[in-house]
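The residues making up each chain are set out below.
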Amino acid sequence: MKLPEKYCERMKRLLGDEYEAYLKSLEEPAACGLRVNRRKAAPEELLQAVPFSLERIPWTDNGFYYEDAAAPARHPYYYAGLYYLQEPSAMTPASRLPVQPGDRVLDLCAAPGGKATELGGRLGGKGFLLANDISASRAKALLKNLEMAGIPNCCVTAERPERLAEACPEYFDKILVDAPCSGEGMFRRDAKMAARWEEAPPETYSEVQRHLAECAVRMLRPGGMMLYSTCTFSREENEEVILGLLADHPEMEAVPVAPFSGFAPGFGDLPEAVRIFPHRMHGEGHFLALLRKADAVGGPENMAERKEGFRVGDRRKAAGTDDARRTEKALSKEQLPEAVRDFLKLTTLDFSGGRFLLEREQAYWLPEGVDRHPGLRYLRSGLLLGSIRKERFEPSQALAMALEREGFDGVLNLSAEDPLTVKYLKGETIPLSGNAGPSPWRLVCVDGWPLGWGKASGAALKNKYSPGWRWM
Ligand code: SAM
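Along each chain, numbering runs from 1 in the same order as the chain's sequence is written. Residue-level local features of this predicted model are given only where pLDDT is at least 70; pairs of side-chain atoms are given and counted only at 80 or more, and the full residue set underlies all totals for whole chains, interfaces and linings. Hydrogen atoms and water are omitted, and side-chain values are computed over all heavy atoms in the structure.

A.B. asks: What exactly am I supposed to notice about the site of the ligand here?
C.D. replies: Taken together, the neighbourhood of the ligand is formed by 18 residues, with Cys 109, Gly 114, Asp 133, Arg 138 and Asp 178 sitting nearest. By the criterion applied in these results, polar contacts are pairs of N or O atoms within 3.5 Å in which, for protein atoms, one can donate a hydrogen and the other can accept it, and in which residues neighboring in sequence qualify only through two side-chain atoms. One of the backbone nitrogen or oxygen atoms of Cys 109 is found 3.0 Å away from a nitrogen atom of the ligand. Between the ligand and Pro 112 there is a distance of 3.4 Å, counted from an oxygen atom to a backbone nitrogen or oxygen. All amino acids are sorted into three groups, where Ala, Val, Leu, Ile, Met, Phe, Trp, Tyr, Cys and Pro are nonpolar, Asp, Glu, Lys and Arg are charged, and the leftover types, Gly among them, are polar. The residue inventory of the shell around the ligand, partitioned by class, reads eleven nonpolar, three polar and four charged. We call a residue near a molecule or strand when any one of its heavy atoms sits within 4 Å of it.

A.B. asks: In this structure, what is going on with the packing of aromatic side chains? I would like to understand it.
C.D. replies: Each aromatic ring pair is specified by the distance between its two centres and by the angle formed by the two planes. When the centres of two rings from Phe, Tyr and Trp lie within 6.5 Å, Trp using its six-membered ring, the rings pair. Their planes under 30 degrees apart give stacked, over 60 give edge-to-face, and anything left gives tilted. All chains considered together, the criterion is met by 23 aromatic pairs. Ring centres 6.4 Å apart and planes at 85° place the aromatic pair Phe 52 and Tyr 83 in the edge-to-face group. Placement of Phe 52 in the loop between α3 (43–49) and β2 (54–56) and of Tyr 83 in strand β4 (residues 83–85) is noted, with a sequence separation of 31 residues between them. Each member of the pair, Phe 52 as well as Tyr 83, is classed as buried. Charge over a ring is defined by NZ of Lys or CZ of Arg lying within 6 Å of the ring centre and within 35 degrees of the ring normal. The positively charged end of Arg 372 is found above the aromatic ring belonging to Tyr 378, 5.7 Å away from the centroid. Just above the ring of Trp 449 sits the side chain of Arg 405; from NZ or CZ to the centre is 3.8 Å. Each helix is a run of DSSP H or I of at least 4 residues and each strand a run of E of at least 2, with the numbering of both proceeding from the N terminus. Exposed residues in this analysis have more than 50% of their type's maximum accessible area, buried residues have under 20%, and partly exposed residues fall in between, with area computed by a 1.4 Å probe over protein chains only.

A.B. asks: Help me understand the sheet that holds strand β17 (residues 383–389) in this model?
C.D. replies: The strands making up a sheet are joined through hydrogen bonds of the backbone, oriented either antiparallel or parallel. Any two strands with at least two DSSP bridges between them are considered paired. Pairing within the open sheet is antiparallel, and its four strands lie in the order β14-β15-β17-β18. Every interior strand has two partners, whereas the edge strands, β14 (355–359) and β18 (392–395), have only one. For this sheet the average axis-to-axis angle between neighbouring strands, irrespective of direction, equals 30°. Two strands pair when backbone bridges link them, and β14 and strand β15 (residues 362–366) are joined in this way by five bridges, in the antiparallel orientation. Across the sheet, Phe 356 pairs through a bridge with Trp 365, a residue of β15. Any pair of residues with heavy atoms lying within 4.5 Å of one another is described as a contacting pair. Note on geometry: axes are lines fitted to C-alpha atoms, helical ones only across the stretch in contact, with angles between N-to-C directions running from 0 to 180 degrees. Sitting on the sheet, helix α15 (residues 338–345) touches β14, β17 and β18, and the angle it makes with β18 is about 40°.

A.B. asks: Hey, could you run me through unusual backbone geometry in this one?
C.D. replies: The general pattern is negative phi for most residues beyond glycine and trans for most peptide bonds. Here the bond from Ala 111 into Pro 112 is cis, since omega is 5°, no more than 30 degrees from zero. The residue Pro 112 is located in the loop between β5 (104–107) and α6 (116–123) in this model. The phi torsion at Glu 361 lies on the positive side, around 65°, for a residue other than glycine.

A.B. asks: Sorry if this is basic, but what is going on with the environment of Gly 113 here?
C.D. replies: With respect to the element layout, Gly 113 can be found in the loop between β5 and α6. Measuring from C-alpha to C-alpha, the distance between Gly 113 and Trp 469 comes to 16 Å, with 356 residues separating the pair along the chain. Sequence-distant contacts of Gly 113, that is, excluding residues within four places in its chain, are made with Tyr 84 and Leu 142.

A.B. asks: Any chance you could explain the nonpolar core here in plain terms?
C.D. replies: One broad rule of soluble globular proteins: the nonpolar side chains tend to lie buried together. By convention a nonpolar core is built from buried Ala, Val, Leu, Ile, Met, Phe, Trp, Tyr and Cys residues, the set being connected through side-chain atoms within 4.5 Å. If you look at the biggest cluster of nonpolar residues, it comprises 41 residues, and the most contacted ones within it are Ile 175, Val 177, Met 219 and Met 226. Sorting elements by how many residues they give to this core places helix α10 (residues 203–219) first, with six residues. Filtering out sequence-adjacent residues up to four positions away, Val 177 remains in contact with Leu 108, Leu 212, Ala 216, Met 226, Leu 227, Tyr 228 and Ser 229. Grouped together as the second largest cluster of nonpolar side chains are 36 residues, Ala 116, Leu 129, Leu 142 and Ala 158 included.

A.B. asks: What should I look at first to understand the sheet that holds strand β22 (residues 449–457) in this one?
C.D. replies: Taken in spatial order, the five strands line up as β19-β21-β22-β23-β20 in an open sheet, and their pairing is mixed. In the strand order of this sheet, the two ends are held by β19 (411–414) and β20 (430–431), each with one partner. Two strands pair when backbone bridges link them, and β19 and strand β21 (residues 441–446) are joined in this way by four bridges, in the parallel orientation. Across the sheet, residue Val 411 finds its bridge partner in β21, namely Leu 443.

Pasting the structure below:
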């Protein structure tokens, strides 16, 4: 691989004795990684189910290496959202931000969703994930991945970080800042990045990285935690960004990251940070630093209070969510059109909490804890249930993906080996044998896991699989 000369000089200075080992590691093939979607399956369950072999990634609890030839993206379980293909080191940031069910979580630079889907999975359906990316086109891919992962309690925005910070001061319990960077850690996977480095070296990124980290501090509640990560090696984009932030914010401190034997400590005055080097472990280059904001003076505003139903009124007003609720015209389940209510009764999802919205013939469910802030541009708020046309309800692809295994009264269950499964994923009409349901709608499943919808029409199933998601 041809590396820019200037880059080699910098890496020699950074790595000293380890430089040769680093260079040698670039000749090894990059590892392929698959992360199990904990919302849909336990790692053991997936290990039993897939026809290819997987080997545990030792610093995560749900990540696996696979051989390139296994082609897991060409298996129906991929379409069922059972796993996400992700570079092994890139699994680390979401695994080291201690997200718990009930948290309010922000992923500030989230597209295409490799980390947001894991953060959402960790919430276990409780709390709220706001997944943002400045790029609207990339945020569309993010939305699709969150839908595929079956995460109902999230919103997607395409906002500038300073606008988010204005709208959501001291609002989030956990924030991930997976910053845009010069990508030095990815040269082995993508040689084009090495060429791009010369046009946009590390100094190009430091300013935006500092800005992102600064905005995140503003949005973090007292006692909250944020994790800053990049896939690059330069000190300017890593330690220097964090040490600058700590100097400006005495309320912030660096805290140790859950250890793994292959991790190297951060350089200089930031030993709490983690560096991942390809010559020390089987993954690409990464950096992560975990930071904590001090509790508010006068006592901790802690999570336990909120989880017991105490809402932090003043902060919520500052964040404007009450105003947003007043203007959004939320509905209770009883106020939904009858066709929607009747359909939801056929699912096993518990819609007892939260609120519903009807916007431009689309129905949404915002589970308890999902907030909207006035003035922000939302690509998605909560779970899109489906559309209502001429008093008829048509369920969405997102609703199918959010359901549990066979979570609908009217299932067509196919096996992964059945050729009909791929036919269905290609958008073809498939034969419907025997099974009935109280409505013509069928939830098409692969070995029990939902794939999408179909509608019974005599002995055939009309294909309602989302056209943009089809198997090509
Ligand atoms: N976290 C993502 C994942 O795991 O799939 C990868 C994020 S990628 C490293 C960085 C992202 O930051 C890009 O999608 C880019 O569009 C976004 N970005 C760049 N500048 C930004 C800004 N000022 N505010 C928010 N996002 C930004």
